[in-house]
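Listed below are the residues making up each chain.
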Amino acid sequence: MSRRQALRKYKSYLMQLLMIFISITAVTPLFSIFYTAVSRGGRTLLEAGLSFITDLPPTPLSTRVGGIAPALVGSFLATLLAIVISVPVAFFIAFLVTEFPNTIFSKSSEVFIRSFSGIPSIIVSMFVYSAVVIRMGTQSLLAGSIALSIVTLPYAYVYLTSALRSVPETIREAAMSLGMNRLKALRYVYVGVSRRYILTGILVSYVRAFGDTAPLLFTIGFLMNSVFAGLLQPSNALPILIFVYALSPYEIFHKVAWGATLLLIIIYLVLFLVSRSLLRGVKL
Amino acid sequence: MSLFITYQSAPSLIRFGVDLLSSTVWRPADDPELEKYGLLAPVVGSLYVSVLATLITFPLSVTLTFTITEILHKRLRDFLRSIVEIMGGLPTVVYGLWGSTVLAPYLRDFIMQPLYDHLGFIPIFSCKPVSGYSILTASLVLAIASTPYVTALLIEGYNMIPAKYKEGIICLGATKYETFKLLYGLLKPYVIASLLLSLSRALGETTIVALTVGNAMKLTLCLFDSTHTIPSLIASQFESARLYTYAMPTLFAGGLLLLLISLGASYVGIKKMYDWRSKIHV
């Protein structure tokens, strides 16, 4: 082997090592985040025990940690409602776009929905604030869900389109040759064939919406004194609670924020793993 | 929606005009005549923070992509990929909280203070790091949070490169590093497109920035100083802006500007991406 070749080889090894090193550096923050969340949040959770998920948040001067029940309830409900709003719309458009790709309607709605993903979510929040909150006179769970549904719409759309596109051409033709029209084929064949994809898509959109802060910032309100006030009344959400408490100067709020963060991470990981295992089962 | 935002921001646009972009005053007053607002600092802050974040993201995501696709063996690769996926979906507020309580003090003590002590004559290092909440912290956390997103895009693009190129490169006896250089050259337009998309996301990112940038209405180019970005300004001033006649329209004007910049960046990014895709599949 000539010297030149040896040099090339060493250079390559060196660069590979460097790349692996940089890659490891890039993912270390995750472990740091987990470590801090478990050590700080874990302490809060141990201190508060089960009441952390059933109690009301503390006041700045209280000595007990209290709980984050309003935020948990608000988060689950608002996200559920957002999914209920956005998934049917996304599904309808995805169906039209996959089945009739060349009509003006599907082309324009494709462009429209894609540009949605370029809109910063804080702008969505401002928009919903002035379009819904001001008109209703109060921040509410409903307004929060509307903002969330606008943000999740493009995600749900992308997943549902790829779900419908995953239906093999042979199955499509078989359905057509039985004399079904497209709606019937969708109802009896496509949905069944791609159900795991669709479920995963819905779940992934749910996860997305669950952790999103900015759309809720001006819309959902900050409910502290009861767990659930009603659909048209202010509510609270887990990410909002963490955000507001992290910005506040009180030590007790920081404690609660870390506890809430640990819970948020756990919920996120569980949903993530479930959607992962759902997707793994997909075989066509 | 953008029409709506324009409508909401009209009073401020009419009243302040170009002044909006040339001054950094934020003076709410009970008397509408005395109110004066300028968006220069947050606009500069926004661009500064997100461009810096994207520049940090670039080497991280490119190396991550190549490590995942070429260097590592199957099991390790799947492991690293799952980690990147988990990072990509992690709620941004978690990054923000971590950045403000863990990373900011660390950066202040071990990076910013030494740099200020020894290299303080360079303008971007020339201000004393006080709280750790700074442009540097915000861009770093933002970069960490957007690396998984860019990496996912790049892996997708990498898998789109037809096998014939890879086979050709290997047939010529290239080492791994040379393979990387050649394939990177092929992937370059796609990389730029992905970075533009990431920039568009970084511009609109609220939670991370509001928690780490320090939220001060100050025009600065020093890395260790706190400033505002448009989203952080909106997030922190929205509650009080309701009370004043022109504050809310000004925030909406900022939002409009943000919307235009970020839609523009993502439009160019998506277009570049499609161009590359149709070029690579000849």
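Residues numbered from 1 in each chain as written. Chains lettered and ligands numbered in written order. Predicted model: local features only at pLDDT ≥ 70, side-chain atom pairs only at ≥ 80, totals over all residues.

### Things to note about the overall build of chain B
Thought 1: Check the secondary structure of chain B and you find 10 helices and 2 strands.
Thought 2: By its C-alpha atoms, chain B is 75 × 45 × 35 Å across when sized along the principal axes.
Thought 3: When each of the 282 residues of chain B is scored for burial, the buried share is 50%. (Helix = DSSP H or I, 4+ residues; strand = E, 2+ residues; numbered from the N terminus. Buried ≥ 20, exposed ≤ 12 C-beta atoms within 10 Å, placed from the backbone.)

### A word on the overall build of chain A
Thought 1: The secondary structure content of chain A amounts to 10 helices and 0 strands.
Thought 2: The linear arrangement of helices and strands in chain A, starting from the amino end, is α-α-α-α-α-α-α-α-α-α.
Thought 3: In terms of overall dimensions, chain A is more spread out than a globule: its C-alpha atoms have a radius of gyration of 24 Å, far above the 19 Å expected for 284 residues.
Thought 4: With the principal axes as the frame, chain A shows a C-alpha extent of 70 × 70 × 35 Å.
Thought 5: Among the 284 residues that make up chain A, the fraction classed as buried is 45%.
Thought 6: Contacts spanning at least 24 positions in sequence make up 73% of the contacts within chain A whose residues lie at least 6 apart. (Rg over C-alpha atoms; globule rule 2.2 N^0.38 Å. Contact = placed C-beta atoms within 7 Å.)

### Regarding the confidence of the model for chain B
Thought 1: On average, residues of chain B score 86 in pLDDT, and 99% of them reach the 70 mark or higher.
Thought 2: Overall fold confidence (pTM) sits at 0.89, and the ipTM for the predicted complex is 0.88. (pLDDT = per-residue confidence, 0-100.)

### Considering the interface of chain A and chain B
Thought 1: Facing the 45 residues of chain A at the interface are 50 residues of chain B.
Thought 2: Those elements giving two or more residues to the side of chain A that touches chain B turn out to be α1 (3-48), α4 (121-136), α8 (195-211), α9 (238-247) and α10 (251-280) of chain A.
Thought 3: Sorting elements by how many residues they give to the side of chain A that touches chain B places α1(A) first, with 17 residues.
Thought 4: For the side of chain A that touches chain B, the per-class residue count stands at 30 nonpolar, 12 polar and 3 charged. (Nonpolar A, V, L, I, M, F, W, Y, C, P; charged D, E, K, R; others polar.)

### Examining the packing of helix α5 (residues 135-160) of chain B against helix α7 (residues 176-204) of chain B
All names here are of chain B.
Thought 1: With their axes 10 Å apart at the nearest point, α5 and α7 run at an angle of 145° to one another. Handedness of the α5/α7 crossing: right-handed. Facing Leu 142, Ser 146, Tyr 149, Val 150, Leu 153, Leu 154, Gly 157 and Tyr 158 of α5, the residues of α7 in contact are Leu 187, Tyr 190, Val 191, Ser 194, Leu 195, Leu 197, Ser 198, Arg 201 and Ala 202.
Thought 2: In the contact of α5 with α7, the residues fall into 12 nonpolar, 4 polar and 1 charged. (Axes fitted to C-alpha atoms, helices over the stretch in contact; angles between N-to-C directions. Left-handed = near helix turned anticlockwise from the far one by under 90°.)

### Notes on the nonpolar core
Thought 1: In terms of nonpolar packing, the biggest core is built from 160 residues, with Leu160(A), Ile242(A), Ala260(A) and Leu142(B) touching the most fellow members.
Thought 2: Broken down by element, this core gets its largest block of residues, 16 residues, from helix α5 (residues 141-165) of chain A.
Thought 3: If we ignore the near neighbours within four places in the chain, the residues touching Leu160(A) are Ala90(A), Phe91(A), Ala94(A), Ile198(A) and Gly201(A). (Core = buried A, V, L, I, M, F, W, Y, C linked by C-beta atoms within 7 Å.)

### Examining α8(A)
Thought 1: Between the first and last C-alpha of α8(A) there are 25 Å, a value that for 17 residues agrees with the 24 Å anticipated at 1.5 Å per step.
Thought 2: In terms of burial, α8(A) is largely enclosed, as 13 of its 17 residues are buried. (Expected span 1.5 Å × (residues − 1).)

### Some points on helix α4 (residues 92-119) of chain B
For an α-helix, the turn length of 3.6 residues means that residues three or four places apart are oriented alike.
Thought 1: Compared with the 40 Å implied by 1.5 Å per residue over 28 residues, the 33 Å span of α4(B) between its first and last C-alpha is markedly short.
Thought 2: Along α4(B), the largest kink reaches about 45° and is centred on Arg108(B). (Bend = angle between axes of the 7 residues up to and from the residue.)

### Thoughts on the packing of α7(B) against helix α10 (residues 247-280) of chain B
Residues and elements named next belong to chain B.
Thought 1: Relative to each other, α7 and α10 sit at 160°, their axes nearing to 8 Å. Classified by the interaxial angle, the pair formed by α7 and α10 is roughly antiparallel. Both α7 and α10 take part in a crossing whose hand is left-handed. Residues Pro 189, Tyr 190, Ile 192, Ala 193, Leu 196, Leu 197, Leu 199, Ser 200, Leu 203 and Gly 204 of α7 pack against Leu 258, Ile 261, Ser 262, Ala 265, Ser 266, Val 268, Gly 269, Lys 272, Met 273 and Trp 276 of α10.
Thought 2: Looking at side-chain class alone, the contact of α7 with α10 contains 14 nonpolar, 5 polar and 1 charged residues. (Parallel < 35°, antiparallel > 145°, perpendicular 65-115°, else oblique.)

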